[in-house]
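Observations on chain architecture
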Amino acid sequence: MCGISGVVGLKSISNLLFEGVRNLEYRGYDSCGVALMNKTRLIIKKDVGGVEEFYRKHNILQLKSKIGIAHTRWATHGKVTQNNTHPFTSRDGNFALVHNGIISNYRPLKDQLQKEGFKFFSETDTEILAHLLEKFFKRSQNVEQAFVKMLSLIEGTFALAFISSHLPEQIFCAKRESPLMLGIGDEIKFVGSDFNAFIDHTKNAVILDDGEYAILSRDTYVVKNILSKEEVTKPITKIEWDSETSKKEGYPHYMLKEIYEQPQTISNALDMETSELDEIVDWFAKSRNTYFLGVGTSFYVAKYAKYIFSRLAQEFFPSISSDEFMVLANVKKQSLVFAISQSGETFDTLSALKHVKSRGARTVAIVNVMGSSIARLVDKVVLQRSGPEICVISTKTALSQMVILTLLAMKFALKKKIITRKTYNLHLRALRDLPAIIQGILNERSGFIHRLASRYSGNRNWLYLGRGVYYPIALETALKMKEVAYIHAEGMSSGFLKHGTLAMIDDDVFSIVFVPPPEDKVLYEATLHSIEEIRARSGFVLGIHFTPPRKNQDLYSEELILPSMPPLTAPLIHLVTGQLFAYFTATSLKCDIDKPRSLAKSVTVA
Ligand code: F6R
C-alpha cells in the first residue's frame, strides 16, 4: 500500500534509493517518484509506471545526491497520473514530501490553503502536506517546528517523509497507523515502509510507533513524540531475515519461488518452541468465546482453522473477516480473538484488534513480519518464520499458518483429552511428513499441472468446490486464480451447489473439485455426489483426488491424482496444487505474476 524509501549518506545514494524503492514495489506499483538534493536545490522526478521503468526513462541513476526520498504508489485518492504521483512539493519548491495512508481531514485544510492562494495540481490528499510545511515554516523559520505544527493539524493515517532545502542534510519522517521504520548504519541512515527498503545495507532497525517522528542525518538520528516533542529512547531491532531470501534465486517469479519454499516454511513452523503454543492453548481453554480473524487469504486461513478446531478439538470458534468483525462479533472481557495476518499491517485486522483490546479481551496473532503493528499490538504473537513473501499473492505464508493452526488444534484436543497422546503423535507424524510430500508434488506433478493449466487457460469461468475443510481450500485457491490470472473463479462448498449455482453449469463454466481421501468417508462420498450432479448436466469436472475412481471411470473430465495422504494433511496438499494451477494458468496468459493489476501486498488503508 505504497512504499516509502529514504536515504541520507556520505556519498551519492541514488542507487541505494533505487534498490530501496524497488524492493518495496510489491506494496504498490502504479507510479513512482523521487526527490533528491542538488547542493541546496531539490530535484523532483515522477511518472506513472513501475520503478525500473521510471528510473530508466528518467535516467535517475545519473543524478548524484547524498540524500533523497522515493515513493512507489498504490492509488487511493486520485487516479494514476503523473500529477498524482509523489513526491509533492511546496509552492516555493523548498519541501518535497512522500506519504502513505489517508489524510481524512484534507478537504477543509485544502479549502483553507486555496483561500490563502496555494495552488493544487493533484487530486490527492497528500499535496496539502507540502503546502502546510511551507506555510508554517514561513511563520517559525524552523523546519522541525513547522513539521510538528503540520502533524498536529492532520487527521487520519500516515507514514510520511520529507526533505527540505532549508536543512539539506536531514530527512524528517513521522508515523500514525501506517508502518515506517528507520535503518541505522554507520555514516548512513535509511527510512522505509518496511525492512526491505534497507535490508541489504543494515540489519539494525528502529521501528517507529504511532505518534512519533524522527529526524535523520548521515551520522545521527533522533526519535520524538509528536505531542510532547520529547525525545524517545528506542530499542534497535535486529532483522532476522537474510536479504538473500528476498531474491528470486533463478526462479522466473517470486510466486513460484515462494510456492517452492513451502517444504522449508512448514519445517520452520514445526520447529517452533512448543511452549510458545502451549500458553495459547491455555487461553483457548479459559476463553468464554473465541473468534478467528483475518481478511483475504488470511480469512480463508481463519475459516480453515474453524473447521480444524471443530474436527480435532470439538470446539466451534467462528471465523470472521476483519472488515465485518466490528459489526458481527460480540466481544466480551472473557473473549479471545485470534488474528491471522502475513504482513501484520492490514488496516481492517488492526482496527478489529484495537476494538477487541478496547473491550478488554485477549488477543493473539500469527504474523510473518516481526516488529509489525499487529505483532506489537496483541497480547501474544506467534512469529511464523516463513521468511519474506515478496509476491503480492500469498502462498507460503498461508500454508504455514494452516500448519501452525493444525498444531494448535491438536494440542487443544490433547489437553481436552479428546485425542490420546498416541493419536496426537500420529497427527504430528503426518505434519512432519508434509514437507517431503510437498517436495514430491513440486518435483513430480508440477509438469503435469502446468500442462493441464495451459490446456484450460482459455476458460473464463471456474467453480472451485470442496466440502468441509476442503471448502476454505476451494475459496483460497479460487482467490489465487482471480488475483493472478484475472479469471472468474468462485469458491463454494460443493453441497451448496445444488441450491442455485448448479443452474450455471454449461459449456463455459468449468469445475475444479477437491476430493478428500476415501478414508474421510463421509466427506468423500458427499463430494462424489456433487461431482455426479455436475456430470449429469454434462458439466466439465477437473477432479483433484487421491485414488483413481473405483467404479465410475468417467467421473472426471480431467483428473489430477495425488499420492495417498492421511485426511489431516490432505487439504494442505490440495492447497499447493491449487496454487500451482493458478500460477501456470497465469503464466500461460502472460499475466504480471508478482504484481497483479490493482493489488498491493499490505493493505494499510480502510
Ligand atoms: C491474497 C492476499 C490478500 C491478503 C490480505 C490480508 O493472496 O495476499 O488477500 O491475504 O490482504 O493480508 P495480511 O495477511 O497481510 O493481513
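Residues numbered from 1 in each chain as written. Predicted model: local features only at pLDDT ≥ 70, side-chain atom pairs only at ≥ 80, totals over all residues. Heavy atoms only, no water.

Remarks on the site of the ligand
- Residues in close proximity to the ligand total 13 residues, the closest being S298, S341, S343, T346 and E483.
- One of the side-chain N or O atoms of S343 is found 2.6 Å from an oxygen atom in the ligand.
- In the complex, 92% of the free accessible area of the ligand, which totals 400 Å², lies under the protein chains.
- For the shell around the ligand, a count of residues per class yields three nonpolar, eight polar and two charged. (Near = heavy atom within 4 Å. Polar contact = N/O pair within 3.5 Å; in protein donor to acceptor, adjacent residues only side chain to side chain. Areas by Shrake-Rupley, 256 points an atom, 1.4 Å probe, with all protein chains shown as cover. Nonpolar A, V, L, I, M, F, W, Y, C, P; charged D, E, K, R; others polar.)

A few points about the packing of helix α13 (residues 396-415) against helix α14 (residues 421-444)
- Look at α13 against α14: their axes get within 9 Å of each other, and the N-to-C directions meet at 170°. The angle between α13 and α14 places the two elements in the roughly antiparallel class. Across the interface between the two elements, L399, V403, T406, L407, M410, K411 and L414 of α13 pack against R421, Y424, H427, L428, L431, L434 and I438 of α14. (Axes fitted to C-alpha atoms, helices over the stretch in contact; angles between N-to-C directions. Helix = DSSP H or I, 4+ residues; strand = E, 2+ residues; numbered from the N terminus. Parallel < 35°, antiparallel > 145°, perpendicular 65-115°, else oblique. Contact = heavy atoms within 4.5 Å.)

Considerations on the domain arrangement of the protein chain
- What the domain assignment lists for the protein chain is domain 1 (3-239), domain 2 (247-444) and domain 3 (446-592).
- Spacing between the C-alpha centres of domain 2 and domain 3 amounts to 24 Å.
- Facing the 34 residues of domain 2 at the interface are 30 residues of domain 3.
- At the boundary of domain 2 with domain 3, total buried surface from both sides reaches about 2800 Å², with 76% on carbon and sulfur atoms.
- Broken down residue by residue, the surface that domain 2 buries against domain 3 is led by Y300, R311 and I441, which jointly contribute 22%. (Domains from an automatic or database assignment. Buried area = accessible area lost by both parts, 1.4 Å probe.)

Regarding the environment of L350
- Mapped onto the fold, L350 is located in helix α11 (residues 347-358).
- Given the relative accessible area of 5%, L350 is considered buried.
- Once the C-alpha coordinates of L350 and S598 are considered, the two residues, 248 residues apart in sequence, prove to be 22 Å apart.
- When residues no more than four places from it in sequence are discounted, the contact partners of L350 are S373, I374 and L377. (Buried < 20%, exposed > 50% of the residue type's maximum accessible area, 1.4 Å probe, protein only.)

Considerations on the packing of aromatic side chains
- A full pass over the atoms with the stated rule returns 31 aromatic pairs.
- Summarising the aromatic geometry, the rings of F190 and F198 are spaced 5.8 Å apart at their centres and angled 35° between planes, so their arrangement reads as tilted.
- Assessed through its relative accessible area of 1%, F190 is described here as buried.
- Its relative accessible area of 0% is what places F198 among the buried residues.
- For the ring pair F309 and F412, a centre distance of 6.4 Å and an interplane angle of 50° mean the geometry is tilted. One end of the pair, F309, is in helix α9 (residues 297-313); the other, F412, is in helix α13, and 103 residues separate them in sequence.
- Classification of F309 by relative accessible area gives buried; the value is 0%. (Phe/Tyr/Trp six-rings, centres within 6.5 Å; stacked < 30°, edge-to-face > 60°.)

A look at the pairing of strand β2 (residues 31-38)
- In terms of burial, β2 is a largely internal element, seven of the eight residues being buried.
- Relative to strand β3 (residues 41-48), β2 runs antiparallel, the two sharing eight bridges. Bridging from a neighbouring strand, C32 pairs with D47 of β3. (Pairing = 2+ DSSP bridges.)

Topic: empty space enclosed by the protein
- For the structure on display, the rule yields three cavities of 30 Å³ or more.
- Along the walls of the second largest cavity sit 13 residues, with R73, T76, H86, G101 and D125 positioned nearest its centre.
- Grouping the constituent residues of the lining of the second largest cavity by class yields three nonpolar, eight polar and two charged. (1 Å grid on protein atoms, 1.4 Å probe; cavity = no way out; pocket = protein on both sides within 12 Å on 5 of 7 lines; lining within 4 Å. Points joined across faces, edges and corners; volume = space filled by probe spheres on them.)

Quick word on the side chain of T527
- Following the sequence through the fold, T527 ends up in helix α17 (residues 521-536).
- Beyond its immediate sequence surroundings of up to four residues, T527 is in contact with R467, V513, F514, V515 and P516.

A look at the packing of helix α4 (residues 127-140) against helix α5 (residues 143-153)
- Packing of α4 against α5 leaves a shortest axis separation of 8 Å and a crossing angle of 130°. In terms of their interaxial angle, α4 and α5 are classed as oblique. The crossing of α4 and α5 is right-handed. Contacts from L129, L132, L133, F136, F137, R139 and S140 in α4 reach V143, Q145, A146, F147, K149, M150 and L153 in α5. (Left-handed = near helix turned anticlockwise from the far one by under 90°.)

Some details on the environment of K286
- Considering the arrangement of structural elements, one finds K286 in helix α8 (residues 274-286).
- When its relative accessible area of 61% is taken as the criterion, K286 is described as exposed.
- Along the primary structure K286 and F581 are separated by 295 residues, whereas in three dimensions their C-alpha atoms are 42 Å apart.

Regarding the sheet that holds strand β13 (residues 220-225)
- Strand order in the open sheet formed by six strands is β5-β6-β7-β8-β12-β13, with antiparallel pairing between adjacent strands. Pairing within the sheet leaves two strands with one partner each, and these edge strands are β5 (88-89) and β13.
- Strands in contact with α4 are β5, β6 (95-100) and β7 (158-164); relative to β6, the strand with the most contacts, it is inclined by about 140°.

Here we look at the pairing of strand β10 (residues 188-192)
- With five of five residues buried, β10 is to be regarded as a mostly interior element.
- Burial along β10 is two-sided: I188, F190 and G192 and K189 and V191, pointing in opposite directions, are all buried.
- Both strand β1 (residues 3-8) and β10 contribute to a ladder of four bridges, which runs antiparallel. Its bridge partner lying in β10, G6 is registered against V191.
- Counting the residues in the hairpin turn of strand β9 (residues 181-185) and β10 gives two residues, including E187, whose phi is positive at 55°.

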